[in-house]
Structures are given as structure tokens and as C-alpha cells.
Amino acid sequence: MAFEYAPAPESRAVVDIAPSYGLFIDGEFREASDGKVFKSVSPSTEEVLSEVAQASAEDVDAAVKAARKAFEKWSALPGSERAKYLFRIARIIQERSRELAVLETLDNGKPIKETRDADLPLVAAHFFYYAGWADKLDHAGFGPNPRPLGVAGQVIPWNFPLLMLAWKIAPALAAGNTVVLKPAETTPLSALFFADICRQAGLPKGVVNILTGDGSTGAALVAHEGIDKVAFTGSTGVGKEIARTVAGTDKKVTLELGGKGANIVFDDAPIDQAVEGIVNGIFFNQGQVCCAGSRLLVQESIQDELLDALKRRMSTLRVGDPLDKNTDVGAINSAEQLARIKALADSGEAEGAERWAPDCELPSSGYWFAPTLFTNVSQAHRIAREEIFGPVLSVLTFRTPAEAVAKANNSQYGLSAGIWTEKGSRMLAVAGKLRAGVVWANTFNKFDPTSPFGGFKESGFGREGGRHGLEAYLDV
């Protein structure tokens, strides 16, 4: 029998959200030049959390100028001095991690156990890691005395708001650049709290600037002639627009875009362990992960056994209040994203795939989608080709390792892949043939600041994390 879980809500009292927030430019919060604002909504309840300034082109200009001015002194500091600020930021993030985890869950909709146990520890770890690099750039393998680029314009998505900020800001500052960062329109709050952390750490004014706004703010930032380096994480469509904008300029660019990761399970795989990896691969953060294992490739001989175990496991997933510590699957980030997930799931049924979801009661307010599985999927189906960015798994089968590799690589994307097998030789042989930037073996969604992350093909180019992540922020 299944035990009922009593509610275990995390207290909201630890986070104090102001009714409105300005733009963080040159070390101070200020209103938008034209006074425009927009609301940030909690996706699990649809309540308005706060009102946030909408940055105009004029504000973008002011932020870029502040970053340019700060660059002279910041880049001239010895690396060991820059490191002190990064270490300080990392420690403050650890000290405030509970507050930031609750804030992220409120603004993004993901479960508290994810923000608490995955997002926040990784955010701090990124700052600690790059703090360690700041005085060792000579030894990073990019030649003697590598120089920073200047001002970095960074645009990040809503699925891991604070973690993507850390991936962008930590290496940029370690290398001696200054930053203008635009968080996603639906999840601006943790970046604004980070601005406060910069002040708390005594970071010199103008080194980090935070501009909240919609796509037009991001477009103005990317196109600004005072930007030396553009870093973007988000959709492939917007990534292509950015590539067109910066073509013919001297800007350095890294793009981390969509994915349609293949999770390949061979007939000798440990079934229960593989099921946990599949669930983690597609239902972590409600499947709103660019490197999600959204295509399950299972060897034909074990398909029935694996799917039975997977359906049993999916039936135990708890969907609901993301602030409850027992919740496994939280809310979808926005009404717009929920509509996209529904449309693609409906297309799967229309094209003849078989849809299955466990019985689960979804809350009446907020944006919710039950964990869903599709079988009888062909490679031609939209649900097998397009990134759904939601808790939807498409199951395909294969007979031989060669067929598994061919099907896994049959995608416009190339960000991540997983391999499940008892044989080390097969892991290495298959991994070497997969066109994916990150390949996990007998695990999934494992991240570490020391390890580079990035994609092939339409998943983008450039790497973030590790020694490789410094290269994008140095003039090499």
C-alpha cells in the first residue's frame, strides 16, 4: 500500500519580496527611463509577486556605459583581488540559500527540494570554482597573460534563473569582464536579489548590472555597440536571431539553445536504476530543461518490462504545491509555456502515438501538466523531433547499438544523451558516436562547475563550465 504524505510546506516567511523593483545600474536601483513596469507572477498560484521595471533602450545604454566605465578598474585588479569578491559572493549565496531557494520556487514554480538541493548548491559552487580561477588565468591553457574582452551582454532563460546567472556571471567576472545581464521576463526576482548580494559583497559599482524586461530589452542589449561579448541561453529560434544580429560585428558569441536528448537503454541495463534516470531526465524541473532526456530509446527485447516499471514509478510522482518538500513535479512556468506543451502533446495523439499519464489531481489555480508518456512514436512525429520543454516523454525502440546511435543522432539538436548498460566498453563505444555535447552513462542530469556543458548543431556553440568556460570571456 502507498503511504499518504502529510503536507510539509516550506515557510515563505524567510523571503521578503518588495512590492516593486527597479533596474540595477551602476550599483543602484532605479526606475525605468520611461517608467514602464510589468508584473512577475507565481506560476503555482497565479498571484502577483511583485512589479518590476521594464528596461528601455535608454536604460540598456546607461547600463552598458556603467559597465564600460567599471571595466577599466575591474580588469586592472590583480586576479587574486577579483577572486576575493567572487568568494564573498559565493559565501553570501550559501548563507542566503534558503531564502533564495524559496524565492526561486515562488517565481519559477519548480519544487523546493530542487531549488534547495540542486539549484542553490550549484550556484554557490560555480562562484567558488571560478573564484579559484581568477588568479590562475595564465595556467588555463590560453597562452600567457590572457586579457578580458570588456563588457559582456548576457541573456538568460526562466528554467534555471539563478543557476544560469551563475554560469554567465562567475566566469565573466573571474576573467576580468564587466556584465549587463537580462533575466527572463517571467523570472526576474532572483537576479534582483543577486544584485543585492553584489552590494552586500561590496562589489565595485557597475561591474554587474541587472536589466529586467521582455524580449525587446534583450534585443537592444545584444545589438548595443558597446557590448564585446554576447552570451545567451534559451530557444533555438531566438538564438538564430541573435546570431543574425551580431553577424559582421566583432562581438564574441556563445549560444546554448534547445535540445531533444536521447536516453538510450540497452537490454543489459539495470532496470530500476534506469527508470530513476529516465524520470530524473524528463520530469526534473517539469521537463523544462534544455538537456532533458525527452526521447527514450529502449531496446525492443526489454520494452515491456521497462515501460511497466516506468509507469509504476510515474504513478508515485507527487504533482502539486512546489513549496511542499514532498512535491516531485511543480508548476509549468507560464500560461504561454503550458499552451505550447498542450499543443505538442495533442499533436502526438493526432499523429497516432499512444498517450498515457498517471491519475493525478492537478491544483485548480496555476499552470499544471501531468507527467505524460507517449508510446508508438515514430521518428517522423513532431513529439519525437520538436523540443516540448515540458514533462512529456516520447518512447522509441531499437534492436542494435547501430540503430540506437542512428536514431539518437537523427535530430536537429545535439545537447545531451544518456546511455544505460552494464558494459563499460559499450558506454565508451556508443558515447563516441553520439553527436551530443554531454553524454551521461548510467546517470542523468549530473552537473559540476568543473565540467564543460554545451551543444552541437542547433543546440548552439561554445562551452560553459570548467576551464573551457573561461575561453568565451578571454581575448584568445
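Please read all numbers here as calculations on a predicted model, not as lab measurements.

## With respect to the environment of Gln 154
Then comes step 1: Positionally, Gln 154 belongs in strand S6 (residues 151-155).
Then comes step 2: For Gln 154, a relative accessible area of 0% translates into the label buried.
Then comes step 3: As a C-alpha pair, Gln 154 and Ile 169 span 15 residues in sequence and 8.3 Å in three-dimensional space.
Then comes step 4: If we ignore the near neighbours within four places in the chain, the residues touching Gln 154 are Lys 168, Ile 169, Ala 172, Val 179, Val 180, Leu 181, Lys 182, Leu 221, Ala 231 and Tyr 473.

## Observations regarding the confidence of the model for the protein chain
Then comes step 1: Summary statistics for the protein chain give a mean pLDDT of 97 and a share of 100% for residues scoring 70 or more.
Then comes step 2: Within the protein chain, no element has a lower average pLDDT than strand S20 (residues 460-461), which sits at 95, and none a higher one than strand S8 (residues 208-210), at 99.

## Quick word on the environment of Gly 418
Then comes step 1: Its location among the elements puts Gly 418 in strand S17 (residues 416-420).
Then comes step 2: For the pair Gly 418 and Leu 137, spaced 281 residues apart in the sequence, the C-alpha separation amounts to 33 Å.
Then comes step 3: Sequence-distant contacts of Gly 418, that is, excluding residues within four places in its chain, are made with Ala 262, Asn 263, Ile 264, Trp 440 and Phe 444.

## A word on the packing of aromatic side chains
Two measures describe an aromatic ring pair: the distance that separates the ring centres and the angle between the ring planes.
Then comes step 1: For the structure on display, the rule yields 14 aromatic pairs.
Then comes step 2: Members of the aromatic cluster, connected to one another through ring pairs, are Trp 167, Trp 440, Phe 444, Phe 447 and Phe 453.
Then comes step 3: Its end group placed over the ring of Phe 456, Arg 435 keeps NZ or CZ at 4.1 Å from the ring centre.
Then comes step 4: Directly above the aromatic system of Phe 456 lies the positively charged group of Arg 463, at a separation of 5.5 Å from the ring centroid.

## So, the sheet that holds strand S13 (residues 354-356)
Then comes step 1: The 7 strands lie next to each other as S13-S14-S15-S12-S11-S17-S18, forming an open sheet whose pairing is mixed. In this open sheet, the two strands that pair with only one neighbour each are S13 and strand S18 (438-441). Each strand axis lies, on average, 20° off the axis of its neighbour in the sheet, ignoring direction.
Then comes step 2: In this structure, strand S11 (residues 262-265) lies alongside strand S12 (residues 295-299), joined through 4 bridges in parallel fashion. In the strand pairing of S12, Ile 264 is matched with Leu 297.
Then comes step 3: Along the sheet face, helix H14 (residues 424-433) touches S11, S17 and S18 and points at about 160° away from the line of S17.

Cut-offs applied
Position numbers for residues start from 1 in each chain and track the written sequence from start to end. Confidence filtering applies because this is a predicted model: local features only for residues at pLDDT of at least 70, side-chain atom pairs given and counted only at 80 or more, and all residues used for totals across whole chains, interfaces and linings. With hydrogens and water stripped out, all remaining heavy atoms of the structure feed into the side-chain values. Only DSSP runs of H or I reaching four residues or more are called helices, and only runs of E reaching two or more are called strands; each is numbered from the N terminus. For each residue, the accessible area found with a 1.4 Å probe, counting protein chains only, is set against the maximum for its type, and the residue is called buried under 20%, exposed over 50%, and partly exposed in between. Residue contacts follow a heavy-atom distance rule, with two residues in contact if any of their heavy atoms lie within 4.5 Å. On a scale of 0 to 100, pLDDT captures the predictor's confidence in every residue. Working definition: rings of Phe, Tyr and Trp (its six-membered ring) pair if their centres are within 6.5 Å, and the pair is stacked with planes under 30 degrees apart, edge-to-face with planes over 60 apart, and tilted otherwise. Two limits define a charge over a ring: the Lys NZ or Arg CZ must be within 6 Å of the ring centre, and within 35 degrees of the ring normal. Two strands form a pair only when DSSP identifies at least two bridges running between them. Between N-to-C directions, angles cover 0 to 180 degrees, with each direction set by a line fitted to C-alpha atoms, over the stretch in contact for helices.

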